[in-house]
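One-letter residues, chain by chain:
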Amino acid sequence: MKKFKGLTFLAILMAFVLVVAGCNNGSGDSSVDVGIVLPTKDEPRWVQDEQRFKDALADSDYSTEILFSQGSSAKEKENVEALLNKGIKVLIITPHDGAAAASAVEAAKKEGVTVIAYDRLITDTDAVDYYVTFDSLAVGAAQAQYLVDNANGSDVPLYLYAGAASDNNAFLFFEGAWKVLQPKIADGTFKIANSSEAEALKDSADLSRDQLGKIIGQITTNWDANDAKNKAQTHLTAAKADLKGDVSILAPNDGTARSIADVFASDSAITKYFVTGQDAEKASIQYIIDEQQSMTVFKDVRTLVKDAMGMAVEVLDGNTPETTGSYDNGAVEVKAKQTNVIVVDKDNVKAELIDSKYYEASEFTGLE
Ligand code: BGC
């Protein structure tokens, strides 16, 4: 009897130790099903994604947590580790740097977590299961087509800008744009104003990753509005009269477009400029209404969020998510679901963004 009692006590003690050990596993609670890691709060684009995730998750059965990496791969890795300690089963992540994020997702994979790259691909690792994305080649092609459609005459000065070289999307955007621009450079519609690397490659319709890297390295904005502004100032200071007048500007996204536009608008030798963008940021919608930015490429973040969460739920329910294609990330073919984009300018801004209830009319002034 005594022995039995002793055993019972020991069993209770062991159970207690196990429970305590379980609780002390990392941060302590294992209550998060889906971890979401976004690159920075400093760009409206990603704050918009956060909001759309929150809206979509309001009545979800699964628990989620969203963390921001603030433009740092080290912070991103910490975020992933914190979420792993909370027992996530699925990680949805937009890498700050597509190659550097490999080690963070490899850590997740080791724990059996399903990894979904969100908007930006993670490169050179097999630790990515799925990719939800917009059609990024189409984004660049749409920007370029807009410039082509609005170019008058020949020898129109063409200013080229790109995103961050650490973002695979910057390559896709520029590749998509180049396919449309290159024939129009070759036929004399445009002359390149600000890139000796692009000039050296102007006869090549198809660029290799290395060639794209050379051009992007020269005209990168690092996705930073200040970098974009400084670059544009340097370019306009160096430009002779034949590179002024009516000009075309390939700007990779809205944040950089607005600062580049401001620089061009303040140069009295620039008589007219067409400038592209993407993301349909509210500030750029106002710029479009005010004719300070020519267009944006609207990427309906609600669809991307729905696709990413839909995939996560399929995984949590033990099913295989549906995909529509794949992307080569340098190591494996990552199964992907892709969403189309919409070109928005002053003519259709109301129909696409207000009538569709993406934004409220009251958020803007001067809407017709
Ligand atoms: C996204 C864009 C965004 C840019 C800068 C890209 O990867 O696709 O929507 O403007 O990053 O954050």
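Note that the coordinates shown come from a computational prediction; the quantities given were computed from them, not determined experimentally. (Residues numbered from 1 in each chain as written. Predicted model: local features only at pLDDT ≥ 70, side-chain atom pairs only at ≥ 80, totals over all residues. Heavy atoms only, no water.)

Looking now at unusual backbone geometry. In this structure, D279 takes a positive phi of about 110° despite not being glycine. As for its placement among the helices and strands, D279 is situated in the loop between strand 9 (270-275) and helix 11 (282-289). Even without being a glycine, E291 presents a positive backbone phi close to 60°. Residue position: E291 is located in the loop between helix 11 and strand 10 (295-298). Overall, E291 belongs to the exposed group, its relative accessible area being 59%. (Helix = DSSP H or I, 4+ residues; strand = E, 2+ residues; numbered from the N terminus. Buried < 20%, exposed > 50% of the residue type's maximum accessible area, 1.4 Å probe, protein only.)

Another aspect to go through is helix 10 (residues 254-265). With twelve residues, helix 10 should cover 16 Å at 1.5 Å per step; its first-to-last C-alpha distance of 16 Å lies within 8% of that length. Counting buried residues along helix 10, ten of its twelve residues qualify, which places the element largely inside the surrounding structure. Among all positions in helix 10, only D254, G255, T256, A257, R258, S259, I260, A261, V263 and F264 are buried. Where the residues of helix 10 are buried, they touch strand 6 (156-160), helix 9 (225-238), strand 8 (245-250), strand 9, helix 11 and strand 10. (Expected span 1.5 Å × (residues − 1). Contact = heavy atoms within 4.5 Å.)

Okay, the sheet that holds strand 8 next. Strand order in the open sheet formed by four strands is 7-6-8-9, and the pairing between neighbours is parallel. Edge positions in the sheet fall to strand 7 (190-192) and strand 9, since each of these pairs with one other strand and no more. On average, adjacent strands in this sheet sit at an angle of 35° to one another, irrespective of strand direction. Inspection of the sheet shows strand 8 paired to strand 9 by five bridges, in the parallel sense. (Pairing = 2+ DSSP bridges. Axes fitted to C-alpha atoms, helices over the stretch in contact; angles between N-to-C directions.)

Turning our eyes to something else, we now look at the confidence of the model for the protein chain. Overall, the predicted model of the protein chain reaches an average pLDDT of 93, with 92% of residues at or above 70. The least confident element of the protein chain is helix 1 (residues 2-23), whose mean pLDDT is 42; the most confident is strand 6, at 99. Counting interchain partners and residues more than four positions distant, the pLDDT-below-50 stretch residues 1-28 has five contacts. (pLDDT = per-residue confidence, 0-100.)

Our next topic: the packing of helix 3 (residues 73-85) against helix 4 (residues 102-110). In the contact formed by helix 3 and helix 4, the axes pass within 9 Å of each other and the chain directions differ by 10°. On the basis of the axis angle, helix 3 is roughly parallel to helix 4. Facing helix 3, whose interface residues are K77, V80 and L84, helix 4 presents S103, A104, A107 and A108. Of the residues contributing to the contact of helix 3 with helix 4, the split by class is five nonpolar, one polar and one charged. (Parallel < 35°, antiparallel > 145°, perpendicular 65-115°, else oblique. Nonpolar A, V, L, I, M, F, W, Y, C, P; charged D, E, K, R; others polar.)

The next point concerns the nonpolar core. If you look at the biggest cluster of nonpolar residues, it comprises 35 residues, and the most contacted ones within it are L160, F174, L181 and F190. Broken down by secondary-structure element, the contributors of at least two residues to this core are helix 5 (136-150), strand 6, helix 6 (168-186), strand 7, helix 8 (209-219) and strand 10. With nine residues, the top contributor of residues to this core is helix 6. Grouped together as the second largest cluster of nonpolar side chains are 34 residues, I285, A308, V344 and Y359 included. (Core = buried A, V, L, I, M, F, W, Y, C linked by side-chain atoms within 4.5 Å.)

According to the stated counting rule, one finds 21 salt bridges in the structure shown. Its salt-bridge partner being D167, residue R120 comes within 3.1 Å of it at the nearest N-O pair. On the criterion of sequence distance, the pair formed by R120 in the loop between strand 4 (114-118) and strand 5 (130-134) and D167 in the loop between strand 6 and helix 6 is long-range, its members being 47 residues apart. Like D167, R120 is buried. (Salt bridge = Lys/Arg side-chain N within 4 Å of Asp/Glu carboxyl O.)

One widely used convention gives an interface's size as the accessible area the parts lose upon coming together. Taken domain by domain, the protein chain consists of domain 1 (31-128 + 301-339) and domain 2 (136-298 + 344-363). For domain 1 versus domain 2, the distance between C-alpha centres works out to 29 Å. Facing the 15 residues of domain 1 at the interface are 14 residues of domain 2. When the buried surface of domain 1 facing domain 2 is broken down by residue, Q48, R120 and R302 rank first, second and third, together holding 32% of it. (Domains from an automatic or database assignment. Buried area = accessible area lost by both parts, 1.4 Å probe.)

With that out of the way, let us pick up the site of the ligand. Near the ligand lie 13 residues; those nearest to it are E43, D119, R120, D167 and D279. Within the contact set of the ligand, an oxygen atom lies 2.7 Å away from a side-chain nitrogen or oxygen of D119. In the model, an oxygen atom of the ligand is placed 2.9 Å from a nitrogen or oxygen of the K299 side chain. Within the complex, the protein chains bury 100% of what would otherwise be the 320 Å² of accessible surface of the ligand. Within the residue set of the shell around the ligand, elements represented by two or more residues are helix 2 (44-57) and helix 6. Viewed by domain, the shell around the ligand spans two of them, domain 1 (31-128 + 301-339) and domain 2 (136-298 + 344-363), each represented by three or more residues. (Near = heavy atom within 4 Å. Polar contact = N/O pair within 3.5 Å; in protein donor to acceptor, adjacent residues only side chain to side chain. Areas by Shrake-Rupley, 256 points an atom, 1.4 Å probe, with all protein chains shown as cover.)

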